2 protein chains.
Amino acid sequence: MAPESSSGGRRSDAQRNRSRILEVAYRAFSDDPDVSLNSIAKLVGVGAGTLYRHFPTREALLLAVYQEEVEQLVGSVDRMLEHEEPLDAFRSWARKLAAYARIKHGIGEALTSPEAQEVIGATWTPVSRAIARLLAAAAERGEVREGVDPDDVILLLSALWRVPEGEAGLAQADRLLELIVDALRPRTGVQVRPPK
Amino acid sequence: MAPESSSGGRRSDAQRNRSRILEVAYRAFSDDPDVSLNSIAKLVGVGAGTLYRHFPTREALLLAVYQEEVEQLVGSVDRMLEHEEPLDAFRSWARKLAAYARIKHGIGEALTSPEAQEVIGATWTPVSRAIARLLAAAAERGEVREGVDPDDVILLLSALWRVPEGEAGLAQADRLLELIVDALRPRTGVQVRPPK
DNA sequence: ACCTGAACACCGTTCAAGT
DNA sequence: ACCTGAACACCGTTCAAGT
């Protein structure tokens, strides 16, 4: 009858549920960003209470779902800096972030809503650090000024995924990105050639 | 028994309802931006269907409520241009818009959500024109470059009202506004003194 | 014509009862 | 310990019935 054998005990099925919820939620959010939590629970085959036990708010679930991918995006910074000029790397990376936020509608909100900033940090902070690294690399070449707050840049970048869908929107996003890059340039206005 | 006397007929009570809904909704939204439409209908003392007849979506009601005030804000542009240097007028006006959007939470969404842009225009367009006027005045002095799309500027400005509440947020908004102004400066980088 | 308000199919969230 | 799922108090929206 051995009610408890090793240290873990019953913990395993809870962990199993957690990962199944994440898996199903990922697809559900992709289909429809406004999908209800109840319906996700039903899809998983789990009681609503179980979902709420693991993820107390919609935002908590949303972030857990996308955190891994955000980390991947964040992790791509170093590689990009090796293959591109810093400012181009910044542009490419910003475009990737925007494309991601445009598709995964929820994540954009999480990156700009003041409330979310306080609660999470888990998504915000890595993104902020990634931008800091890109800006630092560009600043070293004198292509952007120093001391720009990366959090300010996130907020400016959020314009990129608020653009309307379609081709006109993409063109607008390109213009916006150039405006943002201009905003970051050194104040002198004298174009500095990077040293060979 | 004269079922219809003049041309208007029964139209007047519908009009009355419309304005009462707007009046009550204004206060209700001020108290709580997420207030339900049903509860507004109840506050007005009107059937839910009546509210929906006048304003088919939440956004429609929200915009109707704030349209008058937006117009007032838009109307203040000319006066500001008379009393301030164009670029300062732009700064002041942007701050006003941001403060307004920060308080009337809904309006910020209406000014940046792509869906809203298509549906409405009634709020978007005047704001866009106001910014165009400010930019044109500044461009005449050579303080900003020409050909900047005012809609791009709205999207950039939206960063101002996504800032967290409190003092830190206001400081961030100030930094952001300066970054945006920098983004609009002439590309030459040579500071042009306005002619006396 | 316009309005009412009950009714419908949901929603997020909780919590007693089970194992 | 953890899970279930009925239940609660809502929500937006519709539409037959009234005037």
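Remember, it's a predicted structure, so these values are computed and weren't measured experimentally.

*Asks:* What exactly am I supposed to notice about the nonpolar core here?
*Replies:* Considering soluble globular proteins, one finds that nonpolar side chains tend to be buried as a cluster. With 125 residues, the main nonpolar core has Leu61, Trp93 and Leu157 of chain A together with Trp93 and Leu157 of chain B as its most contacted residues. Look past the residues within four positions of Trp93 of chain B in its chain and what remains in contact with it is Leu73, Val74, Ser76, Val77, Met80, Val127, Ala130, Ile131 and Leu134 of chain B.

*Asks:* Honestly, the confidence of the model for chain A in this entry has me stumped. Any pointers?
*Replies:* As a general rule, the predicted coordinates of low-pLDDT regions are not to be interpreted in detail. Residue and element names in this part refer to chain A. Of all residues in chain A, 85% attain a pLDDT of 70 or more, and the chain-wide mean is 86. Confidence drops under pLDDT 50 across residues 1-9; counting only partners more than four residues distant or on other chains, this segment forms zero contacts. In this model residues 189-196 is a low-confidence stretch, pLDDT under 50, and it forms seven contacts with partners more than four residues away in sequence or in other chains.

*Asks:* Teacher, can you tell me more about the protein's contact with DNA strand D here?
*Replies:* Not every one of the 19 residues close to DNA strand D is listed here, only the nearest: Asn17, Gly47 and Thr50 of chain A together with Asn38 and Tyr52 of chain B. With respect to DNA strand D, the side chain of Asn38 of chain B contributes an N or O atom lying 3.0 Å from a base nitrogen. Contact distances for DNA strand D include 3.1 Å between a phosphate oxygen and a side-chain N or O atom of Tyr52 of chain B. Mapped onto the surface near DNA strand D, the elements with two or more residues apiece are helix H1 (11-31) and helix H3 (48-54) of chain A together with helix H2 (37-44) and helix H3 (48-54) of chain B. Top contributing element to the surface near DNA strand D by residue count: H3 of chain A, with five residues. Of the residues that constitute the surface near DNA strand D, the class distribution is six nonpolar, nine polar and four charged.

*Asks:* Mind showing me how you'd approach the UniProt feature "domain: HTH tetR-type" (unreviewed entry) in chain A here?
*Replies:* Under the UniProt annotation, "domain: HTH tetR-type" (unreviewed entry) lies at residues 15-73 of chain A. Spanning residues 15-73 of chain A, this segment combines 81% helix with 0% strand, and its end C-alpha atoms are found 26 Å apart.

*Asks:* Just to check I follow, could you spell out the side chain of Asp182 of chain A for this structure?
*Replies:* Within the secondary structure, Asp182 of chain A is located in helix H10 (residues 167-184). Only 3.1 Å separates the side chain of Asp182 of chain A from the side chain of Arg185 of chain A, close enough to count as a polar contact. Apart from residues no more than four positions distant in its own chain, Asp182 of chain A is found in contact with Arg145, Asp182, Ala183 and Arg187 of chain B.

*Asks:* Would you mind going over the protein's contact with DNA strand C with me for this structure?
*Replies:* Not every one of the 19 residues close to DNA strand C is listed here, only the nearest: Tyr52 of chain A together with Arg11, Asn17, Gly47 and Thr50 of chain B. For DNA strand C, the backbone portion of the atoms within 4 Å of the protein, that is sugar and phosphate, comes to 65%. Asn38 of chain A is positioned such that a nitrogen or oxygen atom in its side chain is 3.0 Å from a base nitrogen of DNA strand C. The side chain of Asn17 of chain B places a nitrogen or oxygen atom 2.5 Å from a phosphate oxygen of DNA strand C. Within the residue set of the surface near DNA strand C, elements represented by two or more residues are helix H2 (37-44) and H3 of chain A together with helix H1 (11-31) and H3 of chain B. Residues that form the surface near DNA strand C fall into these classes: six nonpolar, nine polar and four charged.

*Asks:* Looking at this model, I keep getting lost on the relation of the copies chain B and chain A. Mind explaining?
*Replies:* One copy of the chain maps onto the second through a rotation around an axis plus a translation along that axis. Overlaying chain B with chain A gives an RMSD of 0.1 Å, the required rotation being 180° about an axis along which the chain moves by 0.1 Å. With respect to symmetry, the two chain copies, as superposed, fit the operation of a two-fold axis.

*Asks:* Sorry if this is basic, but what is going on with the domain arrangement of chain A here?
*Replies:* As a measure of interface size, the accessible area lost when the parts come together is often cited. All names here are of chain A. Partitioning chain A into domains gives domain 1 (1-56) and domain 2 (58-186). The interface of domain 1 with domain 2 comprises 15 residues on the first partner and ten residues on the second. A combined buried area of about 1000 Å² lies between domain 1 and domain 2, and 70% of that area is made up of carbon and sulfur atoms. Looking at the side of domain 1 facing domain 2, the largest losses of area belong to Tyr26, Phe29 and Phe55, adding up to 48% of the total buried there. For the pair domain 1 and domain 2, the number of links is zero salt bridges. At the junction of domain 1 and domain 2, the tally comes to three residue pairs in polar contact (both at pLDDT 80 or more). Broken down by element, the residue count for the side of domain 1 that touches domain 2 peaks at six residues, all from H1. When its residues are assigned to classes, the side of domain 1 that touches domain 2 shows twelve nonpolar, two polar and one charged.

*Asks:* Help me understand the interface of chain B and chain A in this model?
*Replies:* In this assembly, 25 residues from chain B lie in contact with 25 residues from chain A. For the chain B and chain A pair, buried surface summed over both sides reaches about 2200 Å², with 56% attributable to carbon and sulfur atoms. Counting the surface chain B buries against chain A, the share from its top three residues, Asp152, Arg162 and Leu179 of chain B, is 27%. There are six salt bridges connecting chain B and chain A. In this structure, the salt-bridge partner of Asp152 of chain B is Arg175 of chain A, at a minimum N-O distance of 2.7 Å. Taken together, the links from chain B to chain A amount to eight residue pairs in polar contact (both at pLDDT 80 or more). Those elements giving two or more residues to the side of chain B that touches chain A turn out to be helix H7 (114-119), helix H9 (150-157) and helix H10 (167-184) of chain B. With eight residues, H10 of chain B is the largest single contributor of residues to the side of chain B that touches chain A.

Rules and cut-offs
Counting restarts for each chain: residues are numbered from 1 in the order of the written sequence. Here every chain gets a letter starting at A, and every ligand a number starting at 1, in the order they are written. Local features in this predicted model are restricted to residues of pLDDT 70 or higher, and side-chain atom pairs are both shown and tallied only at a pLDDT of 80 or more, whereas totals for entire chains, interfaces and linings draw on every residue. Each side-chain value is derived from all of the structure's non-hydrogen atoms; neither hydrogens nor water enter the calculation. Residues grouped as a nonpolar core are buried Ala, Val, Leu, Ile, Met, Phe, Trp, Tyr and Cys residues, joined through side-chain atoms within 4.5 Å. Summary of the burial criterion: residues with accessible area below 20% of their type's maximum are buried, those above 50% are exposed, and those between are partly exposed, where the area comes from a 1.4 Å probe applied to protein chains only. By the convention used here, residues are in contact when the closest approach between their heavy atoms is within 4.5 Å. Confidence scores here are pLDDT values: one per residue, from the predictor, ranging 0 to 100. The rule for a residue being near a molecule or strand is that one of its heavy atoms must lie within 4 Å of it. Distance and chemistry together define a polar contact, namely a pair of N or O atoms within 3.5 Å, with one atom able to donate a hydrogen and the other to accept it when in protein, and with adjacent residues in sequence counting only for side-chain atoms on both sides. Each helix is a run of DSSP H or I of at least 4 residues and each strand a run of E of at least 2, with the numbering of both proceeding from the N terminus. Residues were grouped as follows: Ala, Val, Leu, Ile, Met, Phe, Trp, Tyr, Cys and Pro as nonpolar; Asp, Glu, Lys and Arg as charged; and all remaining residues, including Gly, as polar. UniProt positions are given in the numbering used here, feature names are shortened, and annotations may be inferred rather than shown by experiment. A least-squares fit on C-alpha atoms brings the copies together, and the residues used are those whose pLDDT is at least 70 in both copies. Per the annotation, domain bounds derive from an automatic or database assignment of domains. For any pair of parts, buried area is found by adding up, for both, the accessible area (1.4 Å probe) each one loses once the two are put together. Basic side-chain nitrogens of Lys or Arg form a salt bridge, by our definition, when they fall within 4 Å of a carboxyl oxygen of Asp or Glu.

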